[in-house]
Amino acid sequence: MASVKKIFLVDDDAVNNEMLKMHLQKKFNLEIITFSNGEDCIRNLSSNPDYIVLDYRMSNSDNPDAADGLEILKRIKQINPDIYIIFLSGQEKIEVAVDTIKYGAYDYIVKNQSSFLRLENCLTNISKHQALVRQAKAYKFSTFLLGGVIVGIIVLAIVLKALGIAVEWPEWI
C-alpha cells in the first residue's frame, strides 16, 4: 500500500490556507500541514513533504519583513531539490512566474476562481510523472538484467565450445 503523501501549504492568508486545505482533503489522501510564513516551512522540512504550495507575497501586518516566496523557494531547493513546489499566488506579473520556474518551481498558478482546480490538476500531473519515472527505472533495470542474461548465455556457449562439451551442429537440430 502506498504511503500517504505530505503537503505543506504556505500562505500568510489563514483563510486561504484553510479553504485550500479543506478542498484538498476532499480530493486527495494527503497529510496537509499549513504555515503562515516560509521560515516556519523551512524549519519543518525535516518532516519530508512531497509537495509544497507556496504563496509569493507573505508579508502581512504581523510580519512585514517576511521573505517572499522566491527567496523561500531558493532556500528549500538548496536543502532538498527533489521537493515539488507549486506557487499559488495573487501576483500576476509574468516576470515573477518566470523567475519561480527558473529557480525550480514545478508550476505557477495565479489565484482566481479556477486556481484550486488547476492545483488539483497539477498534483495529479506530478503523481502521473512520478509513476512514469518509476516505470522507466523498472524498464531500465529489466533491460540491463536481460542484457546480462544474454551475455551470460553467450559466454557459457563459448566456454562449452572451448571445452569440447558443445558441438557446432548437434544432430538433433
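Structure first, text after, so check above.
Residues numbered from 1 in each chain as written. Predicted model: local features only at pLDDT ≥ 70, side-chain atom pairs only at ≥ 80, totals over all residues. Heavy atoms only, no water.

**Q** Outline the packing of helix 1 (residues 14-27) against helix 5 (residues 115-162), listing residues and values.
**A** Closest axis-to-axis distance for the helix 1/helix 5 pair is 11 Å, and the angle between their directions is 50°. With respect to helix 5, the axis of helix 1 lies oblique. Crossing hand, helix 1 versus helix 5: right-handed. Residues N16, M19, L20, H23, L24 and K27 of helix 1 lie in contact with helix 5, whose contacting residues are F116, L119, E120 and L123. By residue class, the composition of the contact of helix 1 with helix 5 is six nonpolar, two polar and two charged. (Axes fitted to C-alpha atoms, helices over the stretch in contact; angles between N-to-C directions. Helix = DSSP H or I, 4+ residues; strand = E, 2+ residues; numbered from the N terminus. Parallel < 35°, antiparallel > 145°, perpendicular 65-115°, else oblique. Left-handed = near helix turned anticlockwise from the far one by under 90°. Contact = heavy atoms within 4.5 Å. Nonpolar A, V, L, I, M, F, W, Y, C, P; charged D, E, K, R; others polar.)

**Q** Any details on helix 1? Residues and values, ideally.
**A** Over its 14 residues, helix 1 extends 20 Å from the first C-alpha to the last, a length consistent with the 20 Å expected when each residue adds 1.5 Å. Those residues of helix 1 not exposed but buried are N16, N17, L20, H23 and L24. For helix 1, the buried positions fall inside an angular range of 135° around the axis, keeping them on one side. Exposed side of helix 1, more than 90 degrees from the buried face: A14, V15 and K26 are the residues found there. Looking at the buried side of helix 1, the elements it contacts are strand 1 (5-10), strand 2 (30-35), strand 3 (51-54), strand 4 (84-89) and helix 5. Between a side-chain oxygen at the N-terminus of helix 1 and the backbone nitrogen of V15 the separation is 3.1 Å; the capping residue is D13. (Expected span 1.5 Å × (residues − 1). Buried < 20%, exposed > 50% of the residue type's maximum accessible area, 1.4 Å probe, protein only. Arc of directions from axis to C-beta. Polar contact = N/O pair within 3.5 Å; in protein donor to acceptor, adjacent residues only side chain to side chain.)

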